[in-house]
Amino acid sequence: MRDSVRFRLNGRPVSLQTDGTRKLLWVLRNDLELTGTKYGCGEGLCGSCTVLVDGRAVRACQADLASVQGREVVTIEGLARGDRLHPLQQAFHEHGGLQCGYCTPGMILGAVALLQANPRPTREQIVQGMEGHLCRCGAHQRIVAAIQAVSAQRGGRDD
Amino acid sequence: MTDATRIGRRDFVKALGGGILVLVSLPAAGLGRDAEAQGRAYPTDVNAYLHIAEDGTVTLHSGKIEMGQGVMTSLTQMAAEDLGVALTSIRIVMGDTASCPWDAGTWGSMTTRFFGPAVRAAAAQARLILTDLAATRLGVPRTALSVENGVVFVTAARSRRVTFGELARGQRITHTVDERAVLRAVREFTVMGRSPKRLDGPEKVTGAAKYTADVRLPGMLYARIVRPPAHGATLRRLDTAAAEAVAGVRVVNHDGLVAVLSPDWETSDRAVRLVRADWDVPAPAFGTESVFDHLVQAAADPRTTESAGDVEAGRQQSARTFDVTYRHPYVAHAPIEPHAALAEVKDGKATVWASTQAPFSLQPQIARGLGFRVEDVRVITPYVGGGFGGKAAGQQAVEAARLAQAAGRPVQVGWTRAEEFFYDTFDPAALVRVVSGVDASGRLTLWDYQVYGAGGRGTEVFYDVPNRRVRVYGGRSGEGAAPYHPFAVGPWRAPGANTNRFAAEQQIDAMASAAGVDPLEFRLRNTTDARMLSVLRAVGQASGWQPAVAPRRTGRGRGLACGIDAGTYVAHVAEVTVDRATGAVQVERVVCAQEMGIVVNPDGAKMQVEGCVTMGLGYALTEEVRFEGGRVLEANFDTYPLPRFSWVPRIETVLVPNDDLAPQGGGEPAIVNMGGVVANAIFDAAGVRMLRLPMTRERVLAEIGRG
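How each quantity is defined
Residues numbered from 1 in each chain as written. Chains lettered and ligands numbered in written order. Predicted model: local features only at pLDDT ≥ 70, side-chain atom pairs only at ≥ 80, totals over all residues. Heavy atoms only, no water. Helix = DSSP H or I, 4+ residues; strand = E, 2+ residues; numbered from the N terminus. Rg over C-alpha atoms; globule rule 2.2 N^0.38 Å. Buried < 20%, exposed > 50% of the residue type's maximum accessible area, 1.4 Å probe, protein only. Contact = heavy atoms within 4.5 Å. Areas by Shrake-Rupley, 256 points an atom, 1.4 Å probe, with all protein chains shown as cover. Lys, Arg positive; Asp, Glu negative; His and termini not counted. Charge placed at Lys NZ, Arg CZ, Asp CG, Glu CD. Salt bridge = Lys/Arg side-chain N within 4 Å of Asp/Glu carboxyl O. Pairing = 2+ DSSP bridges. Axes fitted to C-alpha atoms, helices over the stretch in contact; angles between N-to-C directions. 1 Å grid on protein atoms, 1.4 Å probe; cavity = no way out; pocket = protein on both sides within 12 Å on 5 of 7 lines; lining within 4 Å. Points joined across faces, edges and corners; volume = space filled by probe spheres on them. Nonpolar A, V, L, I, M, F, W, Y, C, P; charged D, E, K, R; others polar. Core = buried A, V, L, I, M, F, W, Y, C linked by side-chain atoms within 4.5 Å. Phe/Tyr/Trp six-rings, centres within 6.5 Å; stacked < 30°, edge-to-face > 60°. Lys NZ or Arg CZ within 6 Å of the ring centre and 35° of its normal. Buried area = accessible area lost by both parts, 1.4 Å probe. Polar contact = N/O pair within 3.5 Å; in protein donor to acceptor, adjacent residues only side chain to side chain. Left-handed = near helix turned anticlockwise from the far one by under 90°. pLDDT = per-residue confidence, 0-100. Expected span 1.5 Å × (residues − 1).

Which parts of the structure should I look at to understand the overall build of chain B?
In terms of regular secondary structure, chain B is built from 19 helices and 28 strands. Since a compact globule built from 707 residues should have a radius of gyration of about 27 Å, the 27 Å found for chain B is in line with a globular shape. The dimensions of chain B, computed from C-alpha atoms along their principal axes, are 80 × 75 × 45 Å. Counting across all 707 residues of chain B, residues that qualify as buried make up 64%. Contacts in chain B between residues far apart in sequence, at least 24 positions, make up 76% of those at least 6 positions apart. Accessible surface, chain B as shown: approximately 24700 Å² in total, 50% of it carbon and sulfur. Distance from the positive charge centre (77 side chains) to the negative charge centre (75 side chains) of chain B: 2 Å.

Set out below in C-alpha cells:
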C-alpha cells in the first residue's frame, strides 16, 4: 500500500511515497538514513527511539508514519543549530550524562520535551519525567544534573 | 568511530605518505601481562600503536573498543602524556583488526591495567626517538632537549625548536633505539590524572556516533532469522512459502541457519512471522527455582583455591558458628543496543562490522563459519552500545557473515530485544554455602566457603581467619559436567564476584551482629590488609558512619560491604528505607570508597563507579531471568525491570589516593558489593536476612512476615 506522507523533518519538508502504517523509527533509519534514532526494544519500553513531534516526545518505534502527516518532526540530528549544540546536548556532554551513548539521543529529546512542557521542574519532576527512559550504563545522576543545569540557566529552580 | 575505521592501516600510512617508523630492539617486558596470559603478546613494535603524520597528527591504534567505559578518552590521555603532545592532536582508531594491534578482548577491567602500559611504553619510546632525531637536527645532545605539545626544543633556548610533524615530514624513517624510555612520573603529569571531557561526547550528543546497526552499504539486506522457541529444540518441519511470497523477500538457508532477507527491516520482520516451523522441545529438567539443586548435584569436583589451618580446629575455636546458603539467579546483560552485525563477503574476503567486545576473537569464529582463512576476515568495531561482558561472544557476527555469503549481498543482522534475551550469555545461576565461626572476643576463627556455578572471582579471603578453605565447584560453565546450564552463560561485569561478595559480606555482617559489634568495627578488627583498611576508613568517614550494632529495625538502615576486584579495593555504605507493608526497598544513598592506584581520569573513574552502583541495584533488587528448561520467559523490559531514574540513590565517590601503585581496574570493582551492601542495609532496617537474589519486594515482604 502506498501513501503520500508529507511532514517537516528537522526544519525541512519531506515527502514520502510509502506504506503509512510503517513505523516512524524504521522510516527514519532506513529510508532517510537518520540513524541517531535508535532501536532498543521495539515496544515503547526503553525510550531510545524518542523523537519530537510538534515539540512532544514520541516513541518512534510505536508511531505510524501516517501519524506525523503535516507535523514537525525533530530528531537528534536536527537539534543543534549548525555547530552550536542545543543547551541540553552541551549539558549532557559537560556533566558526563552519557557512557555508551546509545540511549543518549532519546534521553536528550525526552529532556527537551520535558523542559518545554515545564521549564522549571523540581528534581522530583525531572526524575518522574525521565522515568520511562532506560540507561543501562547508569548515567542517571549526571543526566538529572545536566537537565537541572539547563533549567537553572534559563532561570529555573536549582533544587 | 572515526573515518579512519574505514581504511586499513597500510592504506592509512600510504595515504599520509611519510611518517616515522620506529623499530625498538628491546625485549617485550612490560608490554601486556593480559596478552601473555592468553598465550599471545601485545606487539613490541611501536608502529603497531602509533603513527605520526607529517602535519603532526598522531593516530593511536587500539585493539580495545569503546562501549561506554571511557577508554577512548583514557587511552588517548595515556598516549598524549608519554608522547608529549596535546590530547587534541591524537586520533584514535579502535577495534579494527586490519589496523589495530591484536587484543584478546575488552573485558575484565584490563584496558588501563594491561593495554595502558603497552600504550604508554610505545608513546614514551616514540618520544625518545623523536628527541633523538631532533638532537641530530638541532645539533645538541639529547639531554639538552625537552618535549612539550608535540614540539622538541632546547631547554635553555626555547626558540631552537622542531615539531614532531617537521621531524616526520616527507620521509620514511626507520630508527632503532637500544634504550628503554622512561615513563613520565606522576608529578610530571599534565594530561593523565586530569578529567578532560569524554572525547566521544560530541558525537554521542549529536547522533553522529555510528553504532553497528547504523552502518549502511549499497545493496544491503536486513535479516530476520528463524528462531527456536527454546534452547535445545530441534526443527521438525519448515515451510517458508508464505514468507517467500512477500514482495522483495528472499529466504536463505546456510546449513540450517534460515533467514528472511529484504531491503528493509520491517518487511523482513513481517515475513519471518509467516514462516511455519514446527519444533521438538525437550521436556524441561529444571527451572528458575529448581536450578539450585541441580547446580549442586551436577557439579564437577571442586578446586580448592585457598586453604590454611584446619577447619575442624576452627569449629572447636568458635564460640558460634554460622552455616548459611545464598542463591543468585541467571541475570541478563541487557545493553540498550542489541547485538548487531553487518557483513560483506566479496572476492573471498569478508568484512564484518560488529557490536563486539572482542573483534580479534570474532575473526577466527567468522573464518570458521565461512570456510575462510583468518587473514581474509576483517572485523571493524564501531561504537558499542553497552557490553558488560555480553558482547564477548560473536554469534550475531557469524550469522551475518554466513547469510552474506549465502545471499551474495551485504547482510545486517540486528537482534530484536526478544532475541537479545534469548541468546544472551547470562550471568550464571549460582549457590554459595558458607560455614564460618567467631570466638567470644569477636575474632574470626573459621571460614569454609563453597561456591557452585559462579567461579572463584571475589572469593579471596582478605579477613584474617586462621582456619579457612575455599572450594570452587564447576567454574562458571560446569567444566565438563554438561549440561550444567540450560543455555549459554558468560562473563557479566566482574564475573562471579557479585555472587561471592553477596554471600561473603552478608556472612561477615551476620557474625558482627551476633557478636554485638558494629559492622565497620568488626571488619577493621578482622583484617590487617592495609589497602582494605584504607577504603574501610575512607567510606566510614565519607558516609558519616556512627557506630551501632545491627539490626536496629527502624525501617531505615545502613549497610557496609567491601571487596577486591581487578586489583582495586572498594568499600560501600548504602542507606535504605524498607516499607514493612509492601516490602519495597528504596536505596537513598550510596557512598563508595575506591583505591585503584594511579587514577588516569578521576571523573571517568567516578562515572564507572556510578554506573556500577546503578547497574548493581538491578541485580540486587529486581533482575532475574526466569526459565523452564531451555525456554527463556523474559522477552522485553516489561517483565525484566532495569534500574530507573527513581531508583537511583545519591551516589558519592571517594577515590582514595595511591600514586605508588600502577593504575588498577575501574570498570567493575564498584559493582561487586552492591548485592551485599543493600542486603546488609535491609537487615539493619528490617531485621531480615535476604539470602536469595534479587531482593524483590515480594521476597522482602515474605521474610518480614516470617520474622
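What am I meant to see in the pattern of salt bridges here?
When the charged atoms of two side chains with opposite charge come close together, those side chains can pair. The final tally for this structure, using the stated rule, is 55 salt bridges over all chains. Across the pair D31 of chain A and R22 of chain A runs a salt bridge, and its minimum N-O distance is 2.8 Å. Since its relative accessible area comes to 36%, D31 of chain A is described here as partly exposed. Among the salt bridges present, the one from E652 of chain B reaches R650 of chain B, with a minimum N-O distance of 3.1 Å.

How should I be thinking about the sheet that holds strand β4 (residues 56-59) of chain A in this particular structure?
Hydrogen bonds between backbone atoms are what pair the strands of a sheet, whose relative direction is either parallel or antiparallel. All names here are of chain A. Spatially, the 5 strands line up as an open sheet ordered β2-β1-β5-β3-β4, and their pairing is mixed. On the outer flanks of this sheet lie β2 (12-18) and β4, each paired with one strand and no other. Within the sheet, the average angular offset between the axes of one strand and its neighbour, ignoring direction, is 40°. Packing of helix α3 (residues 104-117) onto the sheet brings it into contact with β3 (50-53), β4 and β5 (72-74), and relative to β3 it is tilted by some 35°.

Which parts of the structure should I look at to understand empty space enclosed by the protein?
Gaps between atoms show up when a probe of the same size as a water molecule is rolled over them. Taken as a whole and assessed by the stated rule, the structure comprises 6 cavities of 30 Å³ or more. Its boundaries defined by the atoms lining it, the largest cavity holds a volume of some 170 Å³. If you go around the largest cavity, you meet 15 residues; those closest to its centre are W26 and Y39 of chain A together with A213, Q412 and G414 of chain B. Residue assignment for the lining of the largest cavity shows that the elements contributing at least two residues are α1 (24-31) of chain A together with β19 (411-414) of chain B. Looking at the lining of the largest cavity, the element that brings in the most residues is α1 of chain A, giving 3 residues. For the lining of the largest cavity, the per-class residue count stands at 9 nonpolar, 4 polar and 2 charged.

Is there a simple way to explain the nonpolar core in this structure?
Soluble globular proteins: nonpolar side chains tend toward being buried together. Counting 222 residues, the largest nonpolar core has F92 and I147 of chain A together with Y49, I366, V678 and M695 of chain B as its most contacted members. Looking at which element gives the most residues to this core, the answer is helix α4 (residues 111-138) of chain B, with 12 residues. With near-sequence residues (within four places) excluded, I366 of chain B lies in contact with V352, V377, V379, A397, V398 and A401 of chain B. By size, the runner-up hydrophobic cluster in this structure holds 29 residues, among which are V27 and C61 of chain A together with Y222 and L342 of chain B.

Just checking my understanding: could you explain the packing of aromatic side chains for this structure?
Residues and elements named next belong to chain B. A complete count under the given rule lists 22 aromatic pairs over all chains for this structure. Relative to F115, the ring of Y49 has its centre 6.0 Å away and its plane inclined at 35°; by these criteria the two rings are tilted. With Y49 in the loop between α2 (33-37) and β2 (50-52) and F115 in helix α4, the pair connects residues that are 66 residues apart, well separated along the chain. You'll find Y49 and F115 in the same group, each marked buried. By the ring-pair criterion, three or more aromatic residues cluster together here, those being F286, Y330, F426, F487 and F627. R327 extends its terminal NZ or CZ atom over the ring of F292, reaching a point 5.7 Å from the ring centre.

Teacher, can you tell me more about the interface of chain B and chain A here?
Interfaces are often sized by the amount of accessible area the parts lose when they come together. Chain B puts 58 residues into the contact, and the matching count from chain A is 48 residues. Here chain B and chain A share an interface that buries about 4400 Å² over both sides, 56% of which is from carbon and sulfur atoms. Where chain B touches chain A, the interface holds 6 salt bridges. When the shortest N-O distance is used, the salt bridge between D214 of chain B and K38 of chain A registers 2.4 Å. Between the two partners, chain B and chain A, sit 31 residue pairs in polar contact (both at pLDDT 80 or more). Counting only elements with at least two residues in the side of chain B that touches chain A, the list comes to α6 (201-206), α8 (265-272), α17 (602-621) and β28 (650-655) of chain B. Here the side of chain B that touches chain A takes 8 residues from α17 of chain B, the largest share from any one element. For the side of chain B that touches chain A, the class distribution of residues is 27 nonpolar, 13 polar and 18 charged.

Looking at this model, I keep getting lost on the sheet that holds strand β22 (residues 467-473) of chain B. Mind explaining?
All names here are of chain B. Taken in spatial order, the 5 strands of this open sheet run β14-β22-β21-β20-β15, and their pairing is mixed. Looking at which strands have only one partner, the edges of the open sheet turn out to be β14 (302-308) and β15 (320-328). For this sheet the average axis-to-axis angle between neighbouring strands, irrespective of direction, equals 10°. Its contacts with the sheet put helix α14 (residues 497-515) on β15, β20 (430-438) and β21 (444-452), and the angle it makes with β15 is roughly 150°.

How should I be thinking about the packing of helix α11 (residues 359-370) of chain B against helix α12 (residues 395-407) of chain B in this particular structure?
Between two packed helices, both the angle of their axes relative to each other and the distance between the axes serve to describe the pair. Residue and element names in this part refer to chain B. At a closest axis distance of 9 Å, the pairing of α11 and α12 adopts a crossing angle of 35°. Relative to α12, the crossing made by α11 is right-handed. On the side of α11, the interface is formed by L362, Q365, I366, G369 and L370, while α12 contributes A397, V398, A401, R402 and Q405.

Explain the confidence of the model for chain B to me, please; I cannot follow it from the model alone.
Residue and element names in this part refer to chain B. For chain B, the mean per-residue pLDDT works out to 92, and 92% of the residues sit at or above 70. The low-confidence segment residues 1-18, where pLDDT is below 50, has 43 contacts with residues more than four positions distant or belonging to other chains. Reported confidences for the modelled complex are a pTM of 0.94 and an ipTM of 0.97.

Sorry if this is basic, but what is going on with α12 of chain B here?
A turn of α-helix holds 3.6 residues, and therefore any two residues three or four places apart point the same way. Residues and elements named next belong to chain B. An ideal rise of 1.5 Å per residue puts 18 Å on 13 residues; α12 measures up with 18 Å between its terminal C-alpha atoms. Burial analysis of α12 places 10 of its 13 residues in the buried class, which makes it a mostly covered element. For α12, the complete set of buried residues consists of Q396, A397, V398, E399, A400, A401, R402, L403, A404 and A407. Two residues or fewer past α12, G408 is found with a positive phi of approximately 70°.

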